[in-house]
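Observations on the model geometry
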Amino acid sequence: MNLKYTFLVIIIFSINSSYAQNTRVNEHNNIGWYNYFGTFKLNDKYSIHSEYQLRRDNFITDKQQGLLRLGLNYQLNQKLQLRLGYAWIETYPYGETPINGMGKDFTEHRAFQMITITDKISKIDISHRFMLEQRWVGRYSNAALTDEDEFPFLNRLRYMIRLQMPLKGDKIENKTPYIAAYDELFIGFGKNVNENIFDQNRIGLVLGYRFSNSLRIEAGYLNQTLQLGREVNNRNVFQNNNGFIINTNFNFDLTSKK
């Protein structure tokens, strides 16, 4: 119970401190995210997670970010899954104010630990995802460099709630359309926390279709509110990125079948 109250206080504080500022700069970008997710089942307990996200600015014409993520899943029980993994990210200069202060692209390496808790209320599937990230974010000590020479260490906590329900029938099964909505909050913490503990927030609303046990596709609207980790002319810079997202989800069962 104390953990729930602590987490609630963190959320309220971060939102208030982020949105109640009169000295911030708001910028807008049109984004398109094209994502692959693949799960390879090894047995009843273990599976491998693979993921690549191609993120674009101006919907598709300009680079925003590329993200590769790999992980090992452990299914503790029917409602609780654990994941341990690594992610590689390349972020490019995009928009009016690039994330990197020198206007350069930069590489990030992450280790992460994740817990996903699932539940069901009537026809609605609910999932809570908690992720802890250890981040080594590339940085240039001077503008003349062509490669990052510093990788300061950052911590980040993420929480996502997702609701989804079938558009026909009582559950999502093969050949079933569905709708899903989610919200994810990112909070930075630790010694090298940037300008504010609020890092970003993502809201999504998608329509999906489960073709089979092996394939689901979903597409819809995405809003990303992101705060730069630095001030520009003594002002906090917020990106309000709006666009669409397309997810292709594959499930491969590698267990032997009689």
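One can find the structure itself at the top, above this paragraph.
The paragraphs below set out a description of the structure included in this document. (Residues numbered from 1 in each chain as written. Predicted model: local features only at pLDDT ≥ 70, side-chain atom pairs only at ≥ 80, totals over all residues. Heavy atoms only, no water.)

There is about 790 Å³ of room inside the second largest pocket. Along its surface, the second largest pocket is lined by 38 residues, and Ile99, Phe106, Val137, Asn194 and Gly229 are the ones closest to its centre. Contributing elements (two or more residues each) for the lining of the second largest pocket: strand S3 (62–77), strand S5 (106–121), strand S6 (124–137), strand S7 (153–166), strand S9 (198–210) and strand S10 (215–232). For the lining of the second largest pocket, the leading source of residues is S10, giving six residues. Taken together, the residues of the lining of the second largest pocket break down into 14 nonpolar, 15 polar and nine charged. (1 Å grid on protein atoms, 1.4 Å probe; cavity = no way out; pocket = protein on both sides within 12 Å on 5 of 7 lines; lining within 4 Å. Points joined across faces, edges and corners; volume = space filled by probe spheres on them. Helix = DSSP H or I, 4+ residues; strand = E, 2+ residues; numbered from the N terminus. Nonpolar A, V, L, I, M, F, W, Y, C, P; charged D, E, K, R; others polar.)

What follows deals with a nonpolar patch on the surface. A cluster of nonpolar residues, Leu42, Tyr46, Ile48, Leu72, Phe252 and Leu254, forms a patch on the protein surface that exposes about 510 Å² of accessible area. For Leu42, the position within the fold is in the loop between strand S1 (24–41) and strand S2 (46–57). (Patch = residues over 30% accessible without salt bridge, like charges linked within 9 Å, V, L, I, M, F, W, Y side chains within 5 Å. Areas by Shrake-Rupley, 256 points an atom, 1.4 Å probe, with all protein chains shown as cover. Salt bridge = Lys/Arg side-chain N within 4 Å of Asp/Glu carboxyl O.)

Bringing the sheet that holds S2 into the picture now. Taken in spatial order, the eleven strands close into a barrel running S1-S2-S3-S4-S5-S6-S7-S8-S9-S10-S11, and their pairing is mixed. In this sheet, adjacent strand axes meet at a mean angle of 20 degrees when their direction is disregarded. Examined bridge by bridge, S1 and strand S11 (residues 235–253) share 18 bridges and lie parallel to one another. Residue Thr39 lies in a different strand from S11, and its bridge partner there is Asn251. (Pairing = 2+ DSSP bridges. Axes fitted to C-alpha atoms, helices over the stretch in contact; angles between N-to-C directions.)

Moving on, we come to unusual backbone geometry. Backbone geometry places Ser122, a non-glycine residue, at a positive phi of 55 degrees. Tracing the backbone through its elements, the reader meets Ser122 in the loop between S5 and S6. The phi torsion at Lys175 lies on the positive side, around 60 degrees, for a residue other than glycine. Tracing the backbone through its elements, the reader meets Lys175 in the loop between S7 and strand S8 (176–189). The exposure class of Lys175 is exposed, given its relative accessible area of 56%. (Buried < 20%, exposed > 50% of the residue type's maximum accessible area, 1.4 Å probe, protein only.)

In this section: the pairing of S1. Where S1 lies against S2, eleven bridges are found, and the strand directions are antiparallel. Residue pairing for S2: Lys41 is matched across the bridge by Ser47. Hairpin connection from S1 to S2: four residues lie between these consecutive antiparallel strands.

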